[in-house]
Amino acid sequence: MATEPPLAFLQSRVLLILLAIALLVLRTVALAQALSLEEASVQDLQLAFRQNNLTSRQLTMFYLNRIRRLNPLLRGVIEVNPDALCQADRADRERKAKPHGSLSDLHGIPILLKDNIATKDKNTTAGSFALLRSVVPRDAGVVARLRKAGAVLLGKASLSEWAHYRYSVLRSGWCARGGQGKNPYNLSGDPCGSSSGSAISVAANMGAVSLGTETDGSILCPSGSNSVVSIKPTLGLTSRGGVIPITPRQDTVGPMCRTVADAVSVLDVIVGFDPYDANATREASKYIPRGGYKQFLKAHGLNGKRLGILRYLYYNISGAAFAKAFDGHVNTLRKQGAVLVDHLELANIKEIYTNASGEDVAISAEFKLALNAYLRDLEVSPVRSLADVIAFNDKHKQVEKMDEYGQDTFLTAQATNGINKAVKSAWRNMNRLSRDGFEKLMRQNKLDAMVTPGFLVSRVLAFRGFPGISVPAGYDEHGVPFGICFAGLRGSEPTLIEIAYGFEQATKIRRPPSFLR
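Residues numbered from 1 in each chain as written. Predicted model: local features only at pLDDT ≥ 70, side-chain atom pairs only at ≥ 80, totals over all residues. Heavy atoms only, no water.

Undergrad: Quick question: what am I supposed to make of the side chain of Ser 56 here?
TA: Positionally, Ser 56 belongs in helix H3 (residues 56-74). Setting aside residues no more than four positions away along its own chain, Ser 56 makes contact with Phe 49, Ala 88, Ala 91, Asp 92, Arg 95 and Gly 108. (Helix = DSSP H or I, 4+ residues; strand = E, 2+ residues; numbered from the N terminus. Contact = heavy atoms within 4.5 Å.)

Below, the structure written as structure tokens:
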């Protein structure tokens, strides 16, 4: 008959295991200090991999430790992937077996995904308990591409619940599952936009790179407010298949990273055709350059570019630090060889930024149809329609903070009845506003890009799916970051990347967060 091991033996085994874990953590910390993993770029990390100074497991451990330490304060991550270290180990084995030239820039690199981007093996909830333990039929199109590239799916970033479409409360960054996300530069500052967790986490070095989504400002706004770079791509350049929708007419998926080069590395992986978003991705695939986007990372990319400056948006930004910085950046653009067409105005800007544009009318109807279709496609789900989600929130008022946030936007959408004359009129009006405003200004002045402070150009770009890149531009009197946006017509990403990279290299404004209270 077998006998149980003595207590002293068990205690010694436990101590040995704890000692091994402690040594692994200490080794990871020491490695992080030696290689400066904090603020390390994708290219820095790939070089360390090639020189056998770093493994994907060690890098993933570094970010998991950062999440454990900082996330209770910042609330930028909803959940980590329990399979992340296994994916890192797989990447390490593949690196030994394959020549480096055959591997993607994102191979072995940990990435955080906004929690409205579907992953087959993890929760995808838009931050709401209503979708907890639902099962998606497949990975989102962009996630399938990340897996194929060998990226490590580190976890899900928090967001403004339902991509800030449940309620009209202006405060950003809250969701029931994650709590209130905090700006790492000033904890009382606005993290901004629905992709707040993706920006917070990358800014605070809780991940190497991240993905966000935008309908109108949800990538460009949080990137500026958290001092990170973002690319809001041309509509359809990246698949929306498997992304919890607001409206297919405006939704897009894009990278949020610490540098332009990192954002380009991510973009190169996630662009392309997807049968689950066939029409949009097929149409936009003609814009993907042969050889990818990395070739447009040119230090002197501003030279000869013709840039329009929108002063109307500039004058409507408050804050002396912002105003002074933007003036300085205009001078930098000129010194770097750009040809500036200053004091431009969008004749219809006031109509674009009021209810008269029709955006709210259109999105309400589109959202109900798109969300119902997404929910019906789930393999397992406690909710199957917008009406079900509304009922769930009413039943779980406390956890969903209904008294504080409500669900007025949901209720407005639920009251719609398909695509009626009012919606079609709104579509025509938004097309007219874009055609007679931004598009006309770009073409009449033969511009390569429009330059605006902050993210206020987001609605101008949203109407017709135009791209924009936000780059860190400074910090206000309270230490809260702000960005500068370079915007263009469809398919202009190569030119925008040259401009954004040239500006970044000439200014190098981003710095790690200070966690001011």
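Past the structure itself, the notes keep going.
Undergrad: What exactly am I supposed to notice about the nonpolar core here?
TA: Note on soluble globular proteins: their nonpolar side chains tend to be buried together. With 103 residues, the main nonpolar core has Leu 45, Leu 146, Trp 162, Leu 211, Leu 307, Leu 333 and Phe 486 as its most contacted residues. Once you skip the residues sitting within four places of it in the chain, Phe 486 turns out to touch Leu 333, Met 450, Val 451, Pro 467, Gly 468, Ile 469, Val 471, Leu 496, Ile 499, Ala 500 and Phe 503. (Core = buried A, V, L, I, M, F, W, Y, C linked by side-chain atoms within 4.5 Å. Buried < 20%, exposed > 50% of the residue type's maximum accessible area, 1.4 Å probe, protein only.)

Undergrad: Explain the packing of H3 against helix H4 (residues 84-97) here, please?
TA: What describes two packed helices is the angle between their axes and the distance between those same axes. The geometry of H3 relative to H4 is characterised by a closest axis approach of 8 Å and an angle of 155 degrees between their N-to-C directions. As summarised for this structure, H3 and H4 are arranged roughly antiparallel, according to the angle between their axes. For the pair H3 and H4, the contacting residues are Ser 56, Arg 57, Thr 60, Met 61 and Leu 64 in the first and Ala 84, Leu 85, Ala 88, Asp 89, Ala 91, Asp 92 and Arg 95 in the second. In the contact of H3 with H4, the residues fall into six nonpolar, two polar and four charged. (Axes fitted to C-alpha atoms, helices over the stretch in contact; angles between N-to-C directions. Parallel < 35°, antiparallel > 145°, perpendicular 65-115°, else oblique. Nonpolar A, V, L, I, M, F, W, Y, C, P; charged D, E, K, R; others polar.)

Undergrad: How do you make sense of the state of the cysteines when you look at a structure like this?
TA: Inspection of the entire model under this criterion finds one disulfide. Between the sulfur of Cys 192 and that of Cys 221 lies a disulfide, 1.3 Å long from S to S. With the S-S dihedral at roughly 50 degrees, the linkage between Cys 192 and Cys 221 falls on the right-handed side. In this pair, Cys 192 sits in the loop between strand E5 (179-180) and helix H7 (196-203) while Cys 221 sits in helix H8 (residues 220-225), placing the two residues 29 residues apart along the sequence. Between Cys 175, a cysteine without a disulfide, and Cys 192, which holds the nearest cysteine sulfur, the sulfur-to-sulfur distance is 16 Å. We classify Cys 175 as buried; its relative accessible area is 0%. (Disulfide = S-S within 2.5 Å.)

Undergrad: Sorry, what's going on with helix H5 (residues 141-148) here?
TA: Residue pairs spaced three or four apart in an α-helix point in one direction, given the helix's 3.6 residues per turn. Turning to H5, its buried residues number three or more, namely Gly 141, Val 142, Val 143 and Leu 146. Buried residues in H5 make contact with strand E2 (110-114), strand E3 (152-157), strand E6 (209-214), strand E8 (252-257) and helix H9 (260-270). Phi turns positive, to about 85 degrees, at Gly 150, one or two residues after H5.

Undergrad: I'm lost on the sheet that holds strand E12 (residues 468-475) in this one. Help?
TA: Two orientations exist for strands paired in a sheet by backbone hydrogen bonds: parallel and antiparallel. Taken together, eleven strands build an open sheet; the order of strands is E1-E3-E2-E6-E8-E7-E12-E13-E11-E9-E10 and the sheet is mixed. Single-partner strands in this sheet number two, and they are strand E1 (77-80) and strand E10 (339-344). Strand-to-strand twist across the sheet, computed as the mean angle between neighbouring axes with direction ignored, equals 25 degrees. The pairing of strand E7 (residues 229-232) with E12 spans three bridges and is classified as antiparallel. Paired with Lys 232 across the strands is Gly 468, a residue of E12. Across the face of the sheet, H3 comes into contact with E1, E2 and E3 while running at roughly 15 degrees to E3. (Pairing = 2+ DSSP bridges.)

Undergrad: What am I meant to see in the environment of Gln 43 here?
TA: Along the chain, Gln 43 falls in helix H2 (residues 42-50). The partly exposed category is assigned to Gln 43, whose relative accessible area is 31%. Expressed as a C-alpha distance, the spacing of Gln 43 and Leu 106, which sit 63 residues apart in the sequence, is 9.3 Å. Sequence-distant contacts of Gln 43, that is, excluding residues within four places in its chain, are made with Asp 105, Asp 262, Ser 265 and Lys 294.

Undergrad: Help me understand the packing of helix H12 (residues 320-335) against helix H20 (residues 493-507), please; the structure alone is not making it clear to me.
TA: Direction vectors running N to C along H12 and H20 enclose 110 degrees, while the axes themselves pass 11 Å from each other. Viewed along their axes, H12 and H20 adopt a mutual orientation that is roughly perpendicular. Between H12 and H20, the residues in contact are His 329, Thr 332 and Leu 333 and Phe 503, Ala 506 and Thr 507, respectively. Here the residues of the contact of H12 with H20 are counted per class, giving three nonpolar, three polar and no charged.

Undergrad: Any chance you could explain unusual backbone geometry here in plain terms?
TA: Leaving glycine out, the prevailing phi sign among residues is negative, and the prevailing peptide bond configuration is trans. Positive phi outside glycine occurs at Arg 75, with the angle close to 55 degrees. Here Arg 75 lies in the loop between H3 and E1.

Undergrad: What is the right way to read the pairing of E6 from this model?
TA: Among the six residues in E6, six count as buried, and that is most of the element. Of the two faces of E6, both are covered, the one formed by Val 209, Leu 211 and Thr 213 as well as the one formed by Ser 210, Gly 212 and Glu 214. The pairing of E2 with E6 spans three bridges and is parallel. Directly across from Ile 111, in E6, lies its bridge partner Val 209. Relative to E8, E6 runs antiparallel, the two sharing five bridges. Each bridged residue has a counterpart across the sheet, and for Thr 213 the counterpart in E8 is Val 253.

Undergrad: It is not clear to me how the pattern of salt bridges should be interpreted in this structure. Could you clarify?
TA: Working definition: two side chains of opposite charge can pair if their charged atoms are close together. One pass over the structure, following the stated rule, counts 28 salt bridges. We note a salt bridge from Arg 66 to Glu 38, for which the minimum N-O separation is 3.5 Å. With Arg 66 in helix H3 and Glu 38 in the loop between helix H1 (7-35) and H2, this residue pair connects regions lying 28 residues apart in the sequence. Looking at Glu 38, the relative accessible area reads 38%, which means it is partly exposed. Note that Asp 394 and Lys 397 form a salt bridge whose closest N and O atoms lie 3.9 Å from each other. The exposure class of Asp 394 is partly exposed, given its relative accessible area of 36%. (Salt bridge = Lys/Arg side-chain N within 4 Å of Asp/Glu carboxyl O.)

Undergrad: For this particular structure, what's the right way to read the side chain of Thr 119?
TA: Position of Thr 119 among the secondary structure elements: in the loop between E2 and H5. Those residues in contact with Thr 119 that lie beyond four places of it in its chain are Leu 113, Thr 124, Val 136, Asp 139, Val 143, Arg 147, Leu 153 and Lys 156.

Undergrad: Any chance you could explain the pairing of E3 here in plain terms?
TA: Consecutive residues of a regular strand have side chains that alternate between opposite faces of the sheet. With respect to burial, E3 is a largely interior element, six of its six residues being buried. Direction of pairing for E1 relative to E3: antiparallel, over a ladder of three bridges. The partner of Val 80 across the bridge, within E3, is Gly 155. Note: E2 against E3, five bridges, orientation parallel. When the sheet's bridge partners are listed, Ile 111 is paired in E3 with Leu 153. Taken together, E2, H5 and E3 form a β-α-β motif whose crossover is right-handed. (Right-handed = clockwise from strand over helix to strand, strands pointing away.)

In short, shape yes, function no, at least from these values alone.
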